[in-house]
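An overview of the molecular structure
The lines below spell out each chain.
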Amino acid sequence: MSSIGKAGRYRGSVKDFPDFDANQDAETLYNAMKGFGSDKDAILDLITSRSNKQRIEICHAYKALYGKDLIADLKYELTGKFERLIVGLMRPLEYFDAKEIKDALKGIGTDEKCLIEILASRTNKQIHALVEAYKDAYESNLEEDVIADTAGHFKKMLIVLLQGTREEDDVVSEELVEQDAKELFEAGEVKWGTDEAQFIYVLGNRSKQHLRLVFDEYLKIAGKPIEASIRGELSGDFEKLMLAVVKNMRSTAEYFADRLFKAMKGLGTRDNTLIRIMVSRSEIDMLDIREIFRTKYEKSLHHMIESDTSGDYKKALLKLCGGDDDAAGEFFPEAAQVAYQMWELSAVAKVEIKGTIHPAADFNADGDAKVLRKAMKGFGTDEDAIIEVVTQRSNTQRQEIIQAYKSHFGRDLMADLKSELSGALAKVILGLMMTPAQYDAKQLKKAMEGAGTDEAVLIEILATRNNQEIQAINEAYKEAYHKTLEDAISSDTSGHFKRILVSLALGAREESGEDLAKARADAQVVAETLKLSDVSGDDSTSLETRFLSILCSQSYPQLRRVFQEFVKMTNHDVAHAIRKRMSGDVKDAFLAIVMSVKNKQAFFAEKLYKSMKGAGTDDRTLIRIIVSRSEIDLLNIRREFWDLYDKSLSHMIEKDTSGDYCKALLAICGGEE
């Protein structure tokens, strides 16, 4: 199936083969499979370079010439993932989708992710063809099979999507847009309980263009994206399905780019997902998917497939991918436009920032102090009681508990906790009992004391805190260690890295809005520093100083605009350019600033994931982020974690830690997504 997109251009990666001859191709495939063994290179080269329509003709020619079923012969000759991929390519798209859904429904358990992916992303025409193909191939009614195998609101939405009756009119009524946005808001955020039927009706039937405007209007009314409301109001497979529908209404290509990335990141590859997307989108929008993949994940789809797969399977996937977009961080024109728009979206997105710990209702500092004293008095310690109190109170309330403990018992609560607790649990509980500024100051002190410096900690804290937080850290550091933070950094670091940290430690980042003319001038400086533009009269030392000043002192809104103008000016991604042209701690510090400006919560989500993946756990990083972000944006970090890694933060903590330490982290984390 072909697809015409952007300005009438074909957006698939596989095209009709010129001078096509079905009989000749059938003969080539027959010769590749006859005798002992098979010529897999010949098979994959031919099949991946023919369009689906041409492959169907080859099947007919093969049958006419040899009286044999080509798909049956391919199944016999090939094995494993390679066989699944090649056989998938030989089926018409609607029959391929039908087979995927049949496999998802049969046996014990249902592959809900497969159902969601296919039914949330296909057009009306594709849905109708799928329903007919399913009936033809399996002599069964798809709707009845879905009803038999699913339940609840998830089932209802799948049935709505199976009707293939989504409106397709591009003419949108502003009045209806406002009405739908208001009704969705009232069905979820306002209503006690959620009116799922309203979500199903609107998201299951309205046109793409209409829903995009509804989403914009919803953001104005609710003050948060509709995705945030869906996560808060819905749950389970129904929630995942509705989020998939929203993402497809916004951008089907981005939806598949995300699915592909998640299929290959981390340990192991989700080959079924990878094969399904590469087969089904190769003649529809693979070029769009590649562009967004390269822009969003700062690596090409081609490169990730190459790193994550092997053998003939890899060769076939790369042929379907159709090219490598990883030209030293340079975007091809359409991807540069996408990157520009993504910086624009990050500038205008108004996501409510929330922590997971809030002030306890009916708080009683005296009562909590007594509970903690009882938990530590006598033989043994009641860790559960300590965790319950400390993790369910805000930091301000904990400071009151410290005072009440001193008043009642004449004892230092921190000293008693240190005496009674040990290991990772002690670090979590004691960290929570400090003020945020005291805690950050202590982490910075630890990073600089003894032999060697933990540069990653210095970067993480100084690159992500706002002016008010930095100034409080400076005061706490001086009070605790009788030395200024600037002096400590200066004596423990050197060169450009020292200059960056000292600049950040001033807490003097501008807090004004955007200045487009200045952003363009600053983008030119960034381009010249990163050797992506001809250098003006400034010498290299002056350029480096200006570059450092821009990244360390401009406001976040202004830096977003600078990075956006940088893309427009150079056709490059600023993070990729920094990675390529800088090194060591300087590179890491500038990258942390860029990522913090772009999406601070995603930056922390990535650090949390890295602290737990693989063998062993980086407990210091895990504790530091969970404790320090618990009242700021840990809820948002949890959501970014889910979006990036397709698993909940709490689930990963549960798998990677144990005992009271695990209980404390989960209590702070605040639950499953």
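Data block above holds the structure.
Here the structure is a predicted model, which is why all the values come from computation and not from measurement.

1. Quick word on unusual backbone geometry
The residue E139 is not glycine, and still its phi comes out positive at about 50 degrees. Relative to the helices and strands, E139 resides in the loop between α8 (124-138) and α9 (142-149). On the accessibility criterion, E139 (74% relative accessible area) is exposed. The phi dihedral of D362 falls on the positive side, at around 55 degrees, and the residue is not glycine.

2. Considerations on the packing of helix α6 (residues 93-105) against helix α17 (residues 271-281)
Put simply, α6 and α17 touch, their axes get as near as 10 Å, and they point 160 degrees apart. When the axis of α6 is compared with that of α17, the two are roughly antiparallel. For the crossing formed where α6 meets α17, the hand is left-handed. Along the contact surface, α6 presents L93, F96 and E100, while α17 presents R276, V279 and S280. The residue inventory of the contact of α6 with α17, partitioned by class, reads three nonpolar, one polar and two charged.

3. Regarding the environment of I289
Turning to its location among the elements, I289 is positioned in helix α18 (residues 286-297). The class for I289 is buried, based on a relative accessible area of 0%. Separated by 13 residues in sequence, I289 and R276 place their C-alpha atoms 14 Å apart. Not counting the four nearest positions on each side in its chain, I289 is found in contact with A253, F256, A257, L260 and R281.

4. Overview of the packing of aromatic side chains
Within this structure, the stated rule accounts for 16 aromatic pairs. Counting every residue linked through ring pairs, the aromatic cluster contains Y30, Y62 and Y66. In this arrangement the basic side chain of R50 is found over the ring face of F17, its NZ or CZ atom lying 3.7 Å from the centre.

5. Here's the deal with helix α34 (residues 556-570)
One full turn of an α-helix is made of 3.6 residues, so residues set three or four places apart face in the same direction. If you check α34, its first and last C-alpha atoms are 21 Å apart, about what 15 residues at 1.5 Å a residue would give, namely 21 Å. When you tally the buried positions in α34, you get twelve out of 15 residues, the bulk of the element. The set of residues buried in α34 consists of Y556, Q558, L559, R560, R561, V562, F563, Q564, E565, F566, V567 and T570. Once α34 finishes, N571 follows within two positions and takes phi at roughly 65 degrees, a positive value.

6. Here we look at the pattern of salt bridges
Counted by the stated rule, this structure contains 39 salt bridges. Linking E117 and R259 is a salt bridge whose minimum nitrogen-to-oxygen distance equals 2.9 Å. Taken as a pair, E117 in helix α7 (residues 112-121) and R259 in helix α16 (residues 252-264) lie far apart in primary sequence, 142 residues in all. A relative accessible area of 15% means that R259 is categorised as buried. Between D416 and R411 there is a salt bridge, with its nearest N and O atoms 2.8 Å apart. The exposure class assigned to D416 is buried, which follows from its relative accessible area of 10%. When salt bridges with common partners are traced through the structure, they connect R84, E100, E117, R259 and R276 into a single cluster.

7. Here's the deal with the side chain of S628
On the secondary structure map, S628 appears in helix α37 (residues 619-629). Given a relative accessible area of 13%, S628 falls into the buried group. One polar contact links the side chain of S628 to the main-chain carbonyl oxygen of R624, over a distance of 2.7 Å. Residues within four places of S628 in sequence aside, it is in contact with Y439, D440 and R465.

Each value, and the rule that gives it
- Per chain, the residues get numbers from 1 upward, laid out in the order the sequence is written.
- Selection of residues for local features in this predicted model requires a pLDDT of at least 70, selection of side-chain atom pairs for listing and counting requires 80 or more, and totals for whole chains, interfaces and linings are taken over all residues.
- The basis for the side-chain values is all heavy atoms of the structure; hydrogens and waters are excluded.
- What counts as a helix is a DSSP run of H or I of at least four residues, what counts as a strand is a run of E of at least two, and both are numbered from the N terminus.
- Only protein chains enter the accessibility calculation, which uses a 1.4 Å probe; a residue whose area is less than 20% of its type maximum is buried, one above 50% is exposed, and one in between is partly exposed.
- Note on geometry: axes are C-alpha line fits, over the in-contact stretch for helices, and angles between N-to-C directions span 0 to 180 degrees.
- Comment on the angle field: the value is read as roughly parallel under 35 degrees, roughly antiparallel over 145, roughly perpendicular from 65 to 115, and oblique elsewhere.
- With the far helix as reference, a near helix turned anticlockwise by less than a right angle produces a left-handed crossing, and one turned clockwise produces a right-handed crossing.
- The contact definition used throughout considers only heavy atoms, calling two residues in contact when any of these lie within 4.5 Å.
- Under the scheme applied here, ten amino acids are nonpolar (Ala, Val, Leu, Ile, Met, Phe, Trp, Tyr, Cys and Pro), four are charged (Asp, Glu, Lys and Arg), and all others, including Gly, are polar.
- We call Phe, Tyr and Trp rings a pair once their centres come within 6.5 Å, taking the six-membered ring for Trp, and we label the pair stacked below 30 degrees between planes, edge-to-face above 60, and tilted otherwise.
- Only when the NZ atom of a Lys or the CZ atom of an Arg is both within 6 Å of the ring centre and within 35 degrees of the ring normal do we say a charge sits over the ring.
- Given a helix with a known number of residues, its expected span is that number minus one, times 1.5 Å.
- Think of a salt bridge as a Lys or Arg side-chain nitrogen and an Asp or Glu carboxyl oxygen that are within 4 Å of each other.
- What qualifies as a polar contact is a pair of N or O atoms within 3.5 Å, subject to a donor-acceptor requirement within protein and to the restriction that residues adjacent in sequence count only when both atoms come from side chains.

Just geometry here; none of it tells us what the structure is for.
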